[in-house]
Amino acid sequence: MTIAAPTSYTIPAIADDLPEIRRSLWRSAWIFCRRQPLGTFGMVIVIIMAIAGLSAEWIAPYSPTANDFSAMTEPPSWAHWLGTDQFGRDQLSRIIYGARTALIVGFSCAIIASLSGMVLGVGSAYFGGRLDLYLQGVLDVVMAFPLIIMALAVVAIFGTGVHNVIFAITIPLIPRCARVLRSSALAIREVPYIDAARACGFGHRRIILRHMVPNVVAPFLILLTAFVGQAILAEASLSYLGLGVQEPVPAWGLMLQGGAEEYASTAPWIAVFPGLAIALTVFGFSLFGDALRDALDPKLRDR
Amino acid sequence: MYRYIIKRILLVIPTLLGAAALVFLLMRLIPGDICVVRLGSGGGTFDERAVAACHAQLGLDRPMVLQFVDFVWGFVRGDFGISMWSGKPVLTEIAARFPVSLEIAIMAVVVATIIAIPLGTLSALKQNSPIDFVIRVVSIAGLATPSFWLGILFILAILNISQSAFGAPWMPPIDYVPIWQDPLRNLSMVVFPALTVGYRTSAVTMRMTRSAMLEVLREDYIRTARAKGLVEHLIINRHALKNALLPVVTLIGIEAAFLIGGLVVTEQVFNLNGIGRLFVQSVQNQDYTMTQALVMLVVAAFVLTNTVVDLLYAWLDPRIRYG
C-alpha cells in the first residue's frame, strides 16, 4: 500500500544544477505537458488570462470605464483591436479588466467551496456516526437545488455585487465537493495505517491532517479546477441576467447584457468577443482539469 | 425490490421537507422588514398600522413554527400564495408560463440524445483517433460555452442570414402558440432555444456515453462475442451499447439541474415568457412569494426526476439488487 501523495512522480536523477526538489517539480510539469497536450493548451489559456487579469493596468490600452462618444460601436481597428461598445468603451480593455473580475470570482468561489467541502467531507467521513448522518442529510438537501437556482435565490436575498455573487456561487458548490471528498476519505479511513496511527495514540487532528488530508489531495485539486470554470460560468450568467456584478465593474457577462442583442446586426463584435473570452477561459480550465484528473488518478485514465 | 422502491419514494419526503425549511429560512434572512420593503417600494409614505396590517395579512405576526407549517401545507394543497408583484395567484402565473419551458426542455433532451449517443459511441470506438479528438474537443467546448452567448450567436446568425436571404431581418416569434394550433410557428420559436440548451446537455451526455462505452468494450463478454465471430455492428448495438447506456440514463436525472439552469438564461436571451424568465423577473422585482414558490417547484421537479431515474435504473439493471 503506497501512501505517497500521487502528485510526486519518481524520476531517475539526471545531472542538473537545480536542487533535487525543484528538478522533480519541473520534470513532472514537463512530463505532464508531454503526455497531456490538450491539458497544456488549457493551461496556457489559463495562464494568459491570469496574466491579463493580474497586470490589467499595464496591458489594457484604454481605461475600461472611459466613454468616448466620438467612437461608439466602432468596428475592430488598429486603435480599438476588438472595437468599441455602444458607449465608446474599448472592448479589449474591458475584456482584460473583466478577466480580473472573472478570475477573482472563480478562484474565490472555488477555493472557499472546496476547502469548506474538504473540512465537511473529511470530517464527516472520519468521525462518522450521527454527525455523518445528519451532515449528509443537510448536504443532500442543498444538493437538491440546481446551482444557478440556489445562486439566484441567494442573490434575491442578499442583493447583487461582487461579494454577494461570490457568496451565492460558493454555497451550492460546497456540498458537491463535500460529497466527493467524503467518499474518498471513507475509503482511506478503512486502511490499516489509520488504525496504526490511532493505536500509536495520535490525536484526531494529527490523523486527519497528516494521514487523511494528503490522500484526498488528488480529488480535491480536480474539483478545485472544475469549480473555477463552473464559478466563472455562473458569474457570467448572473451578470448577464443583471443579477451579478454591477456596472461600472467590468465583467464579461455584463458586457453581453448591455447592447449585445440590440446591436446584433449593426455591431456584432459587441456580442462575439466577451462571450469568446468566457468560453475560452472555461474551456481552458476544463481541458486543464481533465488532464489533471488523468495525471493524478490513474484509474480514470483513458476514460 | 418492492422494499427498495418504497424506501426510495419515502426518501423524497425528508428531502423536500428539508428543502422547504431551507427556502423558508432563506426568505426570513431578507435584511429588513419585508412589509417595509413592500410598502416603501412605491415611494409613498406609510404608517405603523399599515405595516401591522401587512404583517397580519402575510401571517408574519404568528410564531415561526406555525408559519412554517402553513408554508408547507400551502404547497401540499397547491396554494402558493399571491404574487407580490402582479397581485395574481402564483399558481396561475406559473401555469401560464409552464408549457413553453416544458416544450423547450423536452426538445432539448431529444436534441441532446440524438447528437450525443451516436457521437459518444463513435468517439469510444475510435479512441485516440482524430475523430475522437474532435468529438472530445466539441464536447468540452459545449461545457465551456455559456448558453446565453450561444443563444446570442444564434440570434446573430438568424438576423444576418435572413437579412441576406430575404432582404429583411427575421426573428423567431416570441408569443407562445401551442404546437397543435400552429406547428410551424411553434417550432420556429422553440427550436433555437432547444438547440442552445441541448448543446450543453449533449456535451455532458457525450462524455458519459464515451466513458461508459470504453469501459464496456473491455469486458470479457465483448471479447467472447468477437471470438465467436459476431459481426461488429451487432456487438456494438446488441451487446455493448445496451449496457453502456445504463449510466447515461442516470445522467438524464442529473442533467435536469443543468436544463433548468440553461432555461433560466436562455429564455432571457430569446425573450420567451417561460418559467426561467419568470424566475429572473421575480428576483429582480423582489417578488418573494413568487421566488420561493418557483424555487420549491424547481427543487421538487429535480428531486422527483432523480427518484424516477433511480427507480428506472434499478428496473433496467437486473444486476443491481437492493435490500
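It should be noted that the structure appears before, not after, this text.
**Remarks on the overall build of chain A**
Inference 1: Within chain A, the regular secondary structure consists of 12 helices and zero strands.
Inference 2: Going from the N terminus to the C terminus, chain A shows its helices and strands as α-α-α-α-α-α-α-α-α-α-α-α.
Inference 3: Per-residue burial for chain A yields a buried fraction of 47% across its 303 residues.
Inference 4: If you take every contact in chain A between residues at least 6 apart in sequence, the share linking residues at least 24 apart comes to 69%.

**Observations regarding the overall build of chain B**
Inference 1: The helix and strand tally for chain B stands at 13 helices and zero strands.
Inference 2: Helices (α) and strands (β) of chain B occur, in sequence order from the N terminus, as α-α-α-α-α-α-α-α-α-α-α-α-α.
Inference 3: Seen along its three principal axes, the alpha-carbon backbone of chain B occupies a region of about 85 × 65 × 35 Å.
Inference 4: Taking all 323 residues of chain B together, 36% fall into the buried category.
Inference 5: In chain B, 72% of the contacts between residues at least 6 apart in sequence involve partners at least 24 apart.

**Notes on the packing of helix 4 (residues 91-127) of chain A against helix 5 (residues 129-143) of chain A**
Residues and elements named next belong to chain A.
Inference 1: Two elements in contact, helix 4 and helix 5, have axes separated by 7 Å at closest approach and are oriented at 140°. The orientation of helix 4 with respect to helix 5, classified from their angle, is oblique. Helix-helix and strand crossings are classified by hand; for helix 4 and helix 5 the assignment is left-handed. Contact residues: Leu120, Ser124, Ala125 and Phe127 in helix 4; Gly129, Leu131, Asp132, Leu135 and Gln136 in helix 5.

**Some thoughts on the nonpolar core**
Residues and elements named next belong to chain A.
Inference 1: Membership of the largest hydrophobic core comes to 163 residues, with the highest contact counts inside it found for Ala151, Leu152 and Phe227.
Inference 2: Examining the composition of this core, we find that 16 residues originate from one element, helix 4, more than from any other.
Inference 3: Excluding its chain neighbours within four sequence positions, the residues that come into contact with phenylalanine 227 are Cys109, Ala110, Ala113, Ser114 and Leu173.

**What to know about the interface of chain B and chain A**
Inference 1: At the junction of the two partners, chain B supplies 40 residues and chain A supplies 38 residues.
Inference 2: Breaking the side of chain B that touches chain A down by element, the ones donating at least two residues are helix 2 (12-28), helix 7 (130-144), helix 8 (147-166), helix 9 (183-217), helix 11 (232-269), helix 12 (275-284) and helix 13 (288-316) of chain B.
Inference 3: For the side of chain B that touches chain A, the element with the highest residue contribution is helix 8 of chain B, accounting for eight residues.
Inference 4: Residues belonging to the side of chain B that touches chain A are distributed by class as follows: 30 nonpolar, 10 polar and no charged.

**Quick look at helix 10 (residues 217-240) of chain A**
All names here are of chain A.
Inference 1: Look at helix 10: 34 Å from first C-alpha to last across 24 residues, which is about the 34 Å you get at 1.5 Å a residue.
Inference 2: Taking burial as the measure, the 24 residues of helix 10 include 21 buried ones, the bulk of the element.
Inference 3: Of the residues one or two after helix 10, glycine 242 is the one with positive phi, at around 80°.

**Let's talk about helix 12 (residues 269-296) of chain A**
Inference 1: Between its first and last C-alpha atoms helix 12 of chain A spans 40 Å; for 28 residues at 1.5 Å apiece the expected length is 40 Å, and the two agree.
Inference 2: With 23 of 28 residues buried, helix 12 of chain A lies mostly within the body of the structure.

**Points about the packing of helix 5 of chain A against helix 7 (residues 162-189) of chain A**
Residues and elements named next belong to chain A.
Inference 1: Viewed as axis vectors pointing N to C, helix 5 and helix 7 meet at an angle of 130°, and their least axial separation amounts to 9 Å. Judged by the angle between their axes, helix 5 and helix 7 are oblique. Considering the relative orientation of helix 5 and helix 7, their crossing is left-handed. Judged by residue contacts, Leu139, Val142 and Met143 of helix 5 engage Pro172, Pro175, Arg176, Ala178 and Arg179 from helix 7.

**Remarks on the environment of Val138(A)**
Inference 1: Relative to the helices and strands, Val138(A) resides in helix 5.
Inference 2: When the C-alpha atoms of Val138(A) and Pro175(A) are compared, they prove to be 8.9 Å apart, with 37 residues separating the residues in sequence.

**Brief notes about unusual backbone geometry**
Inference 1: In the segment running from Glu247(A) into Pro248(A), the intervening peptide bond is cis, with an omega of 5°.
Inference 2: Secondary-structure assignment places Pro248(A) in the loop between helix 10 and helix 11 (252-258).
Inference 3: At Asn128(B), a residue that is not glycine, the phi angle is positive and equals roughly 65°.
Inference 4: Position of Asn128(B) relative to the elements: it lies in the loop between helix 6 (90-125) and helix 7.
Inference 5: For Asn271(B), which is not glycine, the phi torsion reads 60° and is therefore positive.
Inference 6: Inspection of the secondary structure assignment puts Asn271(B) in the loop between helix 11 and helix 12.

**A closer look at the environment of Tyr199(B)**
Residues and elements named next belong to chain B.
Inference 1: Mapped onto the elements of the fold, tyrosine 199 is located in helix 9.
Inference 2: For tyrosine 199, a count of 23 C-beta atoms within 10 Å corresponds to the buried category.
Inference 3: On a C-alpha basis, the gap between tyrosine 199 and glutamine 127 in space is 22 Å, while along the polypeptide they are 72 residues apart.
Inference 4: Apart from residues lying up to four places away in sequence, tyrosine 199 is in contact with Gly142 and Leu150.

Criteria and cut-off values
- Residues numbered from 1 in each chain as written.
- Chains lettered and ligands numbered in written order.
- Predicted model: local features only at pLDDT ≥ 70, side-chain atom pairs only at ≥ 80, totals over all residues.
- Helix = DSSP H or I, 4+ residues; strand = E, 2+ residues; numbered from the N terminus.
- Buried ≥ 20, exposed ≤ 12 C-beta atoms within 10 Å, placed from the backbone.
- Contact = placed C-beta atoms within 7 Å.
- Axes fitted to C-alpha atoms, helices over the stretch in contact; angles between N-to-C directions.
- Parallel < 35°, antiparallel > 145°, perpendicular 65-115°, else oblique.
- Left-handed = near helix turned anticlockwise from the far one by under 90°.
- Core = buried A, V, L, I, M, F, W, Y, C linked by C-beta atoms within 7 Å.
- Nonpolar A, V, L, I, M, F, W, Y, C, P; charged D, E, K, R; others polar.
- Expected span 1.5 Å × (residues − 1).

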